Amino acid sequence: MMIGLIPPSRFQLFGATSRCLFHTATLLKVEESGSKLTKEQLKKREVRRAARRKVEAKKPAHTHPLYLPIPLALRYLRAVEVGYPASQQVITATTSVVADRGNPPLAGNVSLPSPLKDVLVAVFSNDDQQLSMAKKKFRCHLVGGSDTISKIKQGEILVDFDKAFATPDIAQELTSQVARILGPRQVLPMAKRGTVAPDLEPILKNSFGSIPFRQKGNSISLAVAKCDFSDRQVLENLLSVQTAFKEAVSNQKAKRPSILGRTTLTTTHGPGIVIDLV
Amino acid sequence: MPSIPKQLNFLNRISFNTPKAHIRLDPSRYSGLKLVFQYENHNGQMGARKFWNQYLPTMKFYNPDLQMDVIRIRNSNLKDDTTPCYLQALDKEGKVIDTLQMKNKHSDTIMDEFNQLFQREQIPEDQLIQLKRN
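Per chain, residues are indexed from 1 in the order of the written sequence. Chains carry letters and ligands carry numbers; both start at the beginning, A for chains and 1 for ligands, and go up in the order they are written. This being a predicted model, a pLDDT of at least 70 is required before a residue's local features are given, and a value of 80 or more before pairs of side-chain atoms are given or counted; all residues contribute to the totals for chains, interfaces and linings.

Regarding the overall build of chain B
Where we set the bar: Put simply, DSSP H or I for four residues or longer makes a helix, DSSP E for two residues or longer makes a strand, and each gets a number counted from the N terminus. In this scheme the burial state of a residue depends on its C-beta neighbours within 10 Å: 20 or more other such atoms mean buried, 12 or fewer mean exposed, and anything in between means partly exposed; the C-beta positions come from the backbone. Working definition of a contact: two residues with C-beta atoms, positioned from the backbone, lying within 7 Å.
A count of helical and extended segments in chain B gives 4 helices and 6 strands. If you list the helices and strands of chain B from N to C, you get α-β-β-α-α-β-β-β-α-β. Looking at the 134 residues of chain B, the share that counts as buried comes to 26%. Put simply, 77% of the contacts in chain B that link residues at least 6 apart link residues at least 24 apart.

Here you go:
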């Protein structure tokens, strides 16, 4: 249609190549105007976005269109999970975090009134007394010294524990040998994190029954229950998660502590439902 | 977060838009349902899988105390058609009350036969839960 409207003499002027060039030029122009902002403009945009995220996070949960009271949310989630193997029916709570730049990630421990599974603990030491104490008194999952470390390095022992503790005499060896294996899983004993001590008994006592959590990206995610838990058990677990999250915020070493935003409850195969947690 | 209308649709499909499955099984008579069928579709086992996907969540939603077990059997051999495909209703002692064969049936047919075979009560419309965007 368009070609028909242009007079033939004029049409000859626009050869195939020239049209192509015009086209590219316009595309380039659009690209420039879309992305090329000055540094100041970019900074302003970032500030604007951060402010919007803060406002969103401070809104009460029940204003969200996907908000449901927890018992009804659990009914939906259990319905979605029907027929799947029990091991897959895990309920997870995810809370978004709005943090200022440079804030350390939120982290902490939560002890659930009805735990999902036993927490597996590993203890590393060259001190036989400590090892036998860990083995007999606390029945730790993995107990050992230097030979255990070399076995982990070679892959003979799988890293299936959730927590690890060590005495100072072996901490250096752990860091140099298996930091690359244990580090990404957050189970490398470090003095900074309070998991290295000459006497492990008090630490072990406190750690049993509690699960570590940590902020990843802009959210904290934690498995809180299974679908076959009763409503009461799930609510009790959620309450302890709530206190633990708030404690993590108050313990955070930052000028302006992070803000906890919207919380969603979800299952392995289910949708995310907004609930009122923090 | 997903699209909000999409998710409301998803949730309403469970609680509102599946009228055939808006039933309540008599809790004094039934304690659980047990479904056994093949993991794969071949040899007439697709209807059972679709029944599980389309109707079972709604039934679970309106019968929260009813135990529902789904056992799926792996069978990659297309010529082997011996895999069982049935639905059983169990009483409180775990005895089988009724059995419904699901092989070579469409999911809708299975639901219709289920409604005929089992003692159930239709949920009145005012007790149905519908989510709306506020």
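Some details on the sheet that holds strand 5 (residues 96-101) of chain B
Sheet strands pair via backbone hydrogen bonds, and the direction of the pair is either parallel or antiparallel. All names here are of chain B. The condition is simple: At least two bridges found by DSSP between two strands is the condition for calling them paired. Lines fitted to C-alpha atoms define the axes, with helix axes restricted to the stretch in contact, and inter-axis angles between N-to-C directions lie between 0 and 180 degrees.
Reading across the sheet, the 4 strands line up as 3-2-4-5 and stay open at both edges, with mixed pairing between neighbours. Whereas interior strands pair on both sides, the edge strands pair on one side only; in this sheet they are strand 3 (67-73) and strand 5. For this sheet, the mean angle separating the axes of adjacent strands, direction not counted, is 15°. In this sheet, strand 3 lies alongside strand 2 (residues 32-38) in parallel orientation, the contact comprising 7 bridges. What sits directly across from V36, in strand 3, is I71.

Section: the pairing of strand 1 (residues 90-98) of chain A
Residues and elements named next belong to chain A. Going residue by residue along strand 1, you find I91, A93, T95 and V97 tucked away on one face and V90, T92, T94, S96 and V98 left uncovered on the opposite face. Direction of pairing for strand 1 relative to strand 7 (residues 219-226): antiparallel, over a ladder of 7 bridges. Each bridged residue has a counterpart across the sheet, and for T94 the counterpart in strand 7 is S221. Relative to strand 8 (residues 259-267), strand 1 is paired through 7 bridges, and the arrangement is antiparallel.

Re the pairing of strand 3 (residues 121-124) of chain A
Residues and elements named next belong to chain A. Neither face of strand 3 is left uncovered, since the one carrying V121 and V123 and the one carrying A122 and F124 both have all their residues buried. When strand 3 meets strand 5 (residues 163-166), the two strands line up parallel, connected through 4 bridges. Among the inter-strand pairings, A122 is bridged to a residue of strand 5, identified as A164.

Points about helix 4 (residues 107-117) of chain B
All names here are of chain B. Stated formally: Note that the arc is defined by the directions from the helix axis to the C-beta atoms.
When we look at burial in helix 4, the residues that qualify are I110, M111 and F114. Buried residues of helix 4 fall within an arc of 100° about the axis and therefore sit on the same side. For helix 4, the secondary structure elements touched by its buried residues are helix 2 (46-54) and strand 5.

Digging into the interface of chain B and chain A
Going by this rule: Residue polarity follows a fixed list, in which Ala, Val, Leu, Ile, Met, Phe, Trp, Tyr, Cys and Pro are nonpolar, Asp, Glu, Lys and Arg are charged, and the others, Gly among them, are polar.
Residue-level contacts link 16 residues of chain B with 11 residues of chain A. Those elements that place two or more of their residues in the side of chain B that touches chain A are helix 1 (4-15), helix 3 (56-62) and strand 3 of chain B. In terms of residues, the side of chain B that touches chain A owes the most to one element, helix 1 of chain B, which gives 5 residues. Counted by class, the side of chain B that touches chain A contains 12 nonpolar, 2 polar and 2 charged residues.

Thoughts on the sheet that holds strand 8 of chain A
Residues and elements named next belong to chain A. Within the open sheet, the 6 strands sit side by side as 2-6-7-1-8-9. Their pairing is antiparallel. One side of each edge strand has no neighbouring strand; the edge strands of this open sheet are strand 2 (107-110) and strand 9 (273-275). Adjacent strand axes in the sheet meet at a mean angle of 30°, parallel and antiparallel pairs treated alike. As paired strands, strand 8 and strand 9 are joined by 3 bridges and run antiparallel to one another. Bridge pairing in strand 9 links T264 to V274. Across the sheet, helix 4 (residues 39-58) touches strand 1 and strand 8, and the angle it forms with strand 8 is around 60°.

Considerations on the nonpolar core
We count it as follows: Note on terminology: a nonpolar core is any set of buried Ala, Val, Leu, Ile, Met, Phe, Trp, Tyr and Cys residues joined through C-beta atoms within 7 Å.
Judged by nonpolar contacts, the single largest core of 55 residues is most densely connected at A73, Y76 and L77 of chain A together with A48 and M102 of chain B. By size, the runner-up hydrophobic cluster in this structure holds 17 residues, among which are V121, A122, F124 and I149 of chain A.

Some thoughts on the UniProt feature "domain: Ribosomal protein/NADH dehydrogenase" (unreviewed entry) in chain B
Under the convention used in this document: UniProt positions are given in the numbering used here, feature names are shortened, and annotations may be inferred rather than shown by experiment.
Feature annotation in UniProt places "domain: Ribosomal protein/NADH dehydrogenase" (unreviewed entry) on residues 40-121 of chain B, given in this structure's numbering. Annotated as residues 40-121 of chain B, this span is 33% helix and 24% strand, and its ends, taken at the C-alpha atoms, are 33 Å apart.

What to know about helix 5 (residues 70-80) of chain A
All buried positions along helix 5 of chain A are accounted for by A73, L74, Y76, L77, R78, A79 and V80 of chain A. For helix 5 of chain A, the elements touching its buried residues are strand 1, helix 10 (231-251), strand 8 and strand 9 of chain A together with helix 1 and helix 3 of chain B.

Details of unusual backbone geometry
Residue and element names in this part refer to chain B. Even without being a glycine, N43 presents a positive backbone phi close to 60°. Checked against the element boundaries, N43 lands in the loop between strand 2 and helix 2. At N104, a position not held by glycine, the phi torsion is positive, near 55°. In this structure, N104 sits in the loop between strand 5 and helix 4. Residue N104 is classed as partly exposed on the basis of its C-beta count, with 13 C-beta atoms lying within 10 Å.

Some remarks on the packing of helix 2 of chain B against helix 4 of chain B
Residue and element names in this part refer to chain B. The condition is simple: Note on terminology: angles under 35 degrees are roughly parallel, angles over 145 are roughly antiparallel, angles of 65 to 115 are roughly perpendicular, and the others are oblique. In this scheme the crossing of two helices becomes right-handed for a clockwise turn of the near helix relative to the far one and left-handed for an anticlockwise turn of less than a right angle.
Closest axis-to-axis distance for the helix 2/helix 4 pair is 8 Å, and the angle between their directions is 70°. On the basis of the axis angle, helix 2 is roughly perpendicular to helix 4. Where helix 2 crosses over helix 4, the two elements pack in a sense that is right-handed. Residues G47, A48, K50, F51 and Q54 of helix 2 touch helix 4, and the partners they reach there are S107, I110 and M111.

Quick look at the environment of N77 of chain B
Turning to its location among the elements, N77 of chain B is positioned in the loop between strand 3 and strand 4 (86-90). Sequence separation between N77 of chain B and H42 of chain B is 35 residues; the distance between their C-alpha atoms is 9.1 Å.

Quick look at the confidence of the model for chain B
Interpretation of this model should avoid reading the predicted coordinates in detail wherever pLDDT is low. Residues and elements named next belong to chain B. Condition: A residue's pLDDT is the confidence the predictor assigns to it, expressed on a 0 to 100 scale.
The pLDDT averaged across chain B works out to 91; a share of 99% of its residues lies at or above 70. Confidence scores differ between elements of chain B, with strand 6 (residues 120-122) showing the lowest mean pLDDT of 90 and helix 3 the highest of 94. Both scores are given for the predicted complex: the pTM is 0.73, the ipTM 0.93.

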